[in-house]
Amino acid sequence: MKKFATLLLSGLAVASLAACGATGGSSDSEQTVRVGVVGEQLDQWEHVRDTLAEEGITLEIVRFTDWVAPNTALVEGDLDINAFQSINFLDNYNATNGQNLVPIGNTMIMYFGIYSDTLDSLDNVPVGATVALPEDVANFARGLLLLEAAGFIELAPDSGWLPTAEDIVANPLELELVSVQAQMLPRTMPDVTLTLMNASVANDAGINPHEEALLLEELDVNSPFINAIVARPEDADSELLRTVVEHFQTDEVADIIARITNNAAFAVWDN
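Notes on the structure follow. Bear in mind that the values here come from a model prediction, so they are computed numbers and not experimental data.

Brief notes about a nonpolar patch on the surface
Now for step 1: A surface patch of nonpolar side chains, about 270 Å² in accessible area, is lined by Val137, Trp161 and Leu162.
Now for step 2: As for its placement among the helices and strands, Val137 is situated in helix α4 (residues 137-149).
Now for step 3: Val137 sits in the partly exposed class, given a relative accessible area of 39%.

Here is the structure:
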C-alpha cells in the first residue's frame, strides 16, 4: 500500500536583483554578466569572477535561497545565466512552464543520498517509516530512483527518469513519503526516519555526505543529473556567455568544487 503525504514548507526567496534587466546575454558589447546561484558555497563562482575581471568582464553573483526564483529571474531578464539545476530539473521546468531555457555548459554532478538522525543503517528501517524527499518533480523522482536502488520500493518499468509516487508498484515497508522544500530538508531530519537530499543541501547544513550518508547513489556522467549553466535560447551563442563557461570549465574550478563539497561533487565538462 502506498502512502504519500505532502508537507507544505515554503521559504522566502532572498535575492538582490538590480532593478533593470540583464546586460550580458542580449548584447556582447556589454561586459557585465549576472549569474543566479543557490546555496552558501560560492567559491567556484568567486574564482570565475576574479579571472573574468582580468579580461574586463564583470560577473555579478546573485544568490537565491530556493530552486524556483532563479529560472523566473532568467526568463524575465533579471539574470543572464543561472547555475544551480540539473538537466532533468531544467527539462521539467521548461515543460511545466512553457519555456525553452537552454544549457550552455556543464558544471558538475552531485551525489544524492539517504540520511537519518535516528538510524545507523538502512537494515533497520521500520515498517511505516516516514521518508522526506525534495518537493520539486525532478529531485523527488531522483529520490524515488534511489529508494528503488536501495530495495525499498519498486517502480513501474516504464517510469523513466521522472517517476512519480503513482509509479510505485511495490512498497513492502509501507513507507510514508513526504515532500519538502529542498533547502528545508535538513531541518526535517529529527522528525522523520529518512531524509533524501542533494549533496549541496547537505553541505550547506554542515552535513558531510561521505561521512554521514547511509547510502549515496552511484553517479553516471551520462545521466540527466548533471548540473548546467543555463541561458535564454536567444543568448545561447553569445560569445560573452561562452567566455564565462570557458572560465568555469577549468582545472582550478574542478579542484574548488571537490574541496567545497567534501568530494561529494565532481566537475563534468562538456567533453
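Structure shown, so let's carry the discussion forward.
Overview of the packing of aromatic side chains
Now for step 1: The final tally for this structure, using the stated rule, is 5 aromatic pairs.
Now for step 2: With 4.8 Å between their ring centres and 45 degrees between their planes, Trp45 and Phe248 make a pair best called tilted. A residue pair is termed long-range when its members are at least 10 positions apart, and Trp45 in helix α1 (residues 43-53) and Phe248 in helix α8 (residues 239-248) qualify at 203 residues.
Now for step 3: Residue classification places Phe248 among the buried residues on the basis of a relative accessible area of 0%.
Now for step 4: With a centroid separation of 5.3 Å and an interplanar angle of 90 degrees, the aromatic rings of Trp161 and Phe225 are classed as edge-to-face. Of this pair, Trp161 sits in the loop between β9 (154-155) and β10 (168-170) while Phe225 sits in the loop between β13 (215-216) and β14 (227-231); the two residues are 64 residues apart in sequence, bridging distant segments of the chain.
Now for step 5: These aromatic residues form a ring-pair network of at least three members: Trp45, Phe248 and Trp269.

With respect to the sheet that holds strand β5 (residues 102-106)
Now for step 1: Pairing within the open sheet is mixed, and its 5 strands lie in the order β3-β2-β4-β14-β5. Bordering the open sheet on either side are β3 (58-64) and β5, each of which pairs with just one other strand. Averaged over all pairs of adjacent strands, the angle between their axes in this sheet comes to 35 degrees, without regard to strand direction.
Now for step 2: Here 7 bridges tie strand β2 (residues 32-38) to β3, and the two strands are oriented parallel to one another. When the sheet's bridge partners are listed, Val35 is paired in β3 with Ile61.
Now for step 3: Contacting β2, β3, β4 (81-86) and β14, α1 runs over the sheet at an angle of about 160 degrees to β3.
Now for step 4: Strands β4, β5 and β14 of the sheet are contacted by helix α3 (residues 87-97), whose axis makes an angle of about 105 degrees with β4.

Description of the pattern of salt bridges
Now for step 1: Under the counting rule described, the total for this entry stands at 7 salt bridges.
Now for step 2: When the shortest N-O distance is used, the salt bridge between Glu217 and Arg142 registers 2.3 Å. Here Arg142 lies in helix α4 and Glu217 lies in the loop between β13 and β14, a separation of 75 residues in the sequence. Accessibility assignment for this pair places Glu217 and Arg142 in one class, buried.

Quick word on the packing of α1 against α8
Now for step 1: Here α1 crosses α8 at 120 degrees, and the two axes come no closer than 9 Å. When the interaxial angle is binned, α1 and α8 end up oblique. Along this stretch, α1 crosses α8, giving a crossing that reads as right-handed. Within the contact between the two elements, α1 uses Gln44, Trp45, Val48, Thr51 and Leu52 and α8 uses Thr243, Val244, His247 and Phe248.
Now for step 2: A class-by-class count of the residues in the contact of α1 with α8 yields 5 nonpolar, 4 polar and no charged.

Each value, and the rule that gives it
Positions within a chain are numbered from 1, following the residues in the order the chain's sequence is written. Where local features are concerned, this predicted model is filtered to residues with pLDDT of at least 70; where side-chain atom pairs are given and counted, the filter is 80 or more; whole-chain, interface and lining totals use all residues. The basis for every side-chain value is the complete set of heavy atoms in the structure, and neither hydrogens nor water enter the calculation. Here, patches come from residues exposed beyond 30% relative accessible area and free of salt bridges, joined within 9 Å for like charges and within 5 Å for nonpolar side chains (Val, Leu, Ile, Met, Phe, Trp, Tyr). To measure how exposed things are, a 1.4 Å probe is used in the Shrake-Rupley method; for residues, cover is taken only from the protein chains shown. Any Lys or Arg side-chain nitrogen located within 4 Å of an Asp or Glu carboxyl oxygen qualifies as a salt bridge. Note on conventions: DSSP H or I runs of at least 4 residues are helices, E runs of at least 2 residues are strands, and numbering of each starts at the N terminus. Each residue is placed in one exposure class: buried if its accessible area under a 1.4 Å probe, protein chains only, is under 20% of its type's maximum, exposed if it is over 50%, and partly exposed if it falls in between. A pair of Phe, Tyr and Trp rings is counted when the ring centres sit within 6.5 Å of each other, with Trp represented by its six-membered ring. The angle between the planes then sorts it: under 30 degrees is stacked, over 60 is edge-to-face, the rest tilted. DSSP calls a pair of strands paired once it identifies at least 2 bridges connecting them. Each axis is a line fitted through C-alpha atoms, taken for helices only over the stretch in contact, and angles between the N-to-C directions span 0 to 180 degrees. Working rule for contacts: check all heavy atoms of both residues, and any pair within 4.5 Å makes them a contact. Note on angle classes: values under 35 degrees are labelled roughly parallel, values over 145 roughly antiparallel, values of 65 to 115 roughly perpendicular, and the remainder oblique. By definition, turning the near helix anticlockwise from the far helix through less than a right angle yields a left-handed crossing, and turning it clockwise yields a right-handed one. Gly is put with the polar residues, along with every residue not named as nonpolar or charged; the nonpolar set is Ala, Val, Leu, Ile, Met, Phe, Trp, Tyr, Cys and Pro, and the charged set is Asp, Glu, Lys and Arg.

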